[in-house]
Amino acid sequence: MKTYTKGNVIVEEIKVGDIHYEYDCGMGIKCVVLSVPTLNESGQYEWRSKNTNSGKEINYLVDPKYSHYSANLYNYEAYKVNTYI
């Protein structure tokens, strides 16, 4: 069974170097994946990405049981936004 983010990125298929877009409240974040998702001791997927605008690292966490509450990540520019932070 595959695990999807809120924006339908398949977590198990994320690779280092992938570009993702996260959207919320009319703003967007473009990021590049730094590490592949791994399962932690609680059975949740964790991985790191880097904001291409600010250079800051983002730690993502997706629980396969509650992935509908996860980040709104897409592998394409899903929305037109005025601001990428």
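Use the structure listed above.
Residues numbered from 1 in each chain as written. Predicted model: local features only at pLDDT ≥ 70, side-chain atom pairs only at ≥ 80, totals over all residues. Heavy atoms only, no water.

(A) A look at the overall build of the chain. If you tally the helices and strands in the chain, you get zero helices and seven strands. Each helix and strand of the chain, ordered N terminal to C terminal, gives the series β-β-β-β-β-β-β. Taken against the 2.2 N^0.38 rule, which gives 12 Å for 85 residues, the C-alpha radius of gyration of the chain at 12 Å falls within 12% of a compact globule. Expressed along its principal axes, the backbone C-alpha trace of the chain runs to roughly 35 × 25 × 15 Å. A total of 85 residues make up the chain; the buried ones form 41% of that total. Long-range contacts, defined as pairs at least 24 residues apart, comprise 42% of the intrachain contacts of the chain with a sequence gap of at least 6. Within the structure as shown, the chain displays about 5,600 Å² of accessible surface, and the carbon and sulfur contribution to it stands at 49%. The centroid of the 9 positive side-chain charges in the chain is displaced by 5 Å from the centroid of its 10 negative side-chain charges. (Helix = DSSP H or I, 4+ residues; strand = E, 2+ residues; numbered from the N terminus. Rg over C-alpha atoms; globule rule 2.2 N^0.38 Å. Buried < 20%, exposed > 50% of the residue type's maximum accessible area, 1.4 Å probe, protein only. Contact = heavy atoms within 4.5 Å. Areas by Shrake-Rupley, 256 points an atom, 1.4 Å probe, with all protein chains shown as cover. Lys, Arg positive; Asp, Glu negative; His and termini not counted. Charge placed at Lys NZ, Arg CZ, Asp CG, Glu CD.)

(B) Structural view of the pairing of strand 5 (residues 57-62). The alternating pattern of strand 5 places Ile 58, Tyr 60 and Val 62 on a buried face, while none of Glu 57, Asn 59 and Leu 61, on the opposite face, is buried. In this structure, the hairpin formed by strand 4 (residues 45-51) and strand 5 is closed by a connection of five residues, where Gly 55 is found at a positive phi of approximately 80 degrees. (Pairing = 2+ DSSP bridges.)

(C) Examining the environment of Gly 43 more closely. With respect to the helices, strands and loops of the structure, Gly 43 is situated in the loop between strand 3 (38-39) and strand 4. Of the residues examined, Gly 43 reaches a relative accessible area of 33% and is grouped as partly exposed. Distance from Gly 43 to Lys 65, taken between C-alpha atoms, is 9.2 Å for residues 22 residues apart in sequence.

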